[in-house]
Amino acid sequence: MFHNNLKTIMLLIVFCSIQNIVFSQTIINPKGSCYFGIEIGRNKVSSFMDSNSKSYFPLQAGIGAEYYFSRHWSLSSRIKYYETGVSFYKPGHSSSGGFLNLDSDPYYGTFNGAVVSIPIDIKWEFRIYKNLGGSIKIGPTYNFETKSKYYNYSPNLTTDYPKQYAGINSGYGLNYFLNKKLALYLDFEYFNGASKGYSDAFFGKNEYLTQNNLMNFGVKYNFKN
């Protein structure tokens, strides 16, 4: 996955370098500007075990706003939709946790769901070349489940989990200002959500959380400047 991400980033850098000939030659300072954007991309559910990893394209999308309170720092809020899930140990299969992980076979289940997520991120953006910048972001999320399906859960596990819950979002990416009003971006982000099951381990319990890897292609526009 890292290799594919790196190749995508390199292609975008080449594209932006070519576009720099056509678009603004002035270094854009977005401080004090608010951008409204839309994004769409790939969604990979990384919390499926037993080779049940799933990818969705383009079953994730979002809209949001980003305010630059300094040249290199911004605060953003978005509304995202994506599918998620968890699967863990099937009956009759031994756990593969290692020396200190004594997971019990009786704990198993599969959850398939979808959420509307509201991440709020603080982002640091650093210049790579002229109006092309890299970025790192992190922040909390609040999630509302719109689909909740539980399959083959062991009798000793509940399926009465909350449909609203908090989580953590982090990511990195690239941002390119075509001019003062318009920018394109590509980023990769990671969502950790709610626990949908557990198993006994040597030191207490192992919780199984929803986890998603998202790749976003987006455009954002400043209506005021």
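Structure first, text after, so check above.
Reading the values: the criteria
- Residues numbered from 1 in each chain as written.
- Predicted model: local features only at pLDDT ≥ 70, side-chain atom pairs only at ≥ 80, totals over all residues.
- Heavy atoms only, no water.
- Helix = DSSP H or I, 4+ residues; strand = E, 2+ residues; numbered from the N terminus.
- Buried < 20%, exposed > 50% of the residue type's maximum accessible area, 1.4 Å probe, protein only.
- Contact = heavy atoms within 4.5 Å.
- Areas by Shrake-Rupley, 256 points an atom, 1.4 Å probe, with all protein chains shown as cover.
- Pairing = 2+ DSSP bridges.
- Polar contact = N/O pair within 3.5 Å; in protein donor to acceptor, adjacent residues only side chain to side chain.
- Phe/Tyr/Trp six-rings, centres within 6.5 Å; stacked < 30°, edge-to-face > 60°.

1. Focus on the overall build of the protein
No. 1: Helices and strands together make up the secondary structure of the protein, namely 1 helix and 9 strands.
No. 2: Taking all 225 residues of the protein together, 43% fall into the buried category.
No. 3: Long-range pairs, those at least 24 residues apart, make up 69% of the contacts in the protein with a sequence separation of at least 6.
No. 4: For the protein, the accessible surface area stands at approximately 11700 Å², while carbon and sulfur atoms represent 64% of it.

2. What to know about the pairing of strand 3 (residues 60-68)
No. 1: Examined bridge by bridge, strand 1 (residues 34-45) and strand 3 share 7 bridges and lie antiparallel to one another. Counterpart to G37 in the pairing with strand 3 is G64.
No. 2: Where strand 3 meets strand 4 (residues 73-88), 9 bridges bridge the pair, whose relative direction is antiparallel. Considered in strand 4, the bridge of A61 is made with Y81.
No. 3: Connecting the antiparallel pair strand 3 and strand 4 is a turn made up of 4 residues.

3. A short note on the side chain of D187
No. 1: Within the secondary structure layout, D187 lies in strand 8 (residues 182-201).
No. 2: A distance of 3.0 Å separates the side chain of D187 from the side chain of K137, its partner in a polar contact.
No. 3: At a separation of 2.7 Å, a polar atom in the side chain of D187 contacts the side chain of N216.
No. 4: For D187, the residues in contact, after removing those within four places along its chain, are K137, Y172, G173, L214, M215 and N216.

4. Thoughts on the packing of aromatic side chains
No. 1: Summed over the entire model, instances satisfying the criterion amount to 16 aromatic pairs.
No. 2: Look at Y82 and F191: their rings are 5.1 Å apart centre to centre, the planes differ by 45°, and that puts the pair in the tilted class. In this pair, Y82 sits in strand 4 while F191 sits in strand 8, placing the two residues 109 residues apart along the sequence. Taken as a pair, Y82 and F191 share a single burial class, namely buried.
No. 3: Geometrically, the ring pair formed by Y150 and Y153 is edge-to-face, given 5.4 Å between the ring centres and 75° between the ring planes.
No. 4: Residue class for Y153 comes out buried when judged on its relative accessible area of 14%.
No. 5: Ring pairs connect the aromatic residues F88, F111, Y150, Y153, Y161 and Y208, which therefore count as one cluster.

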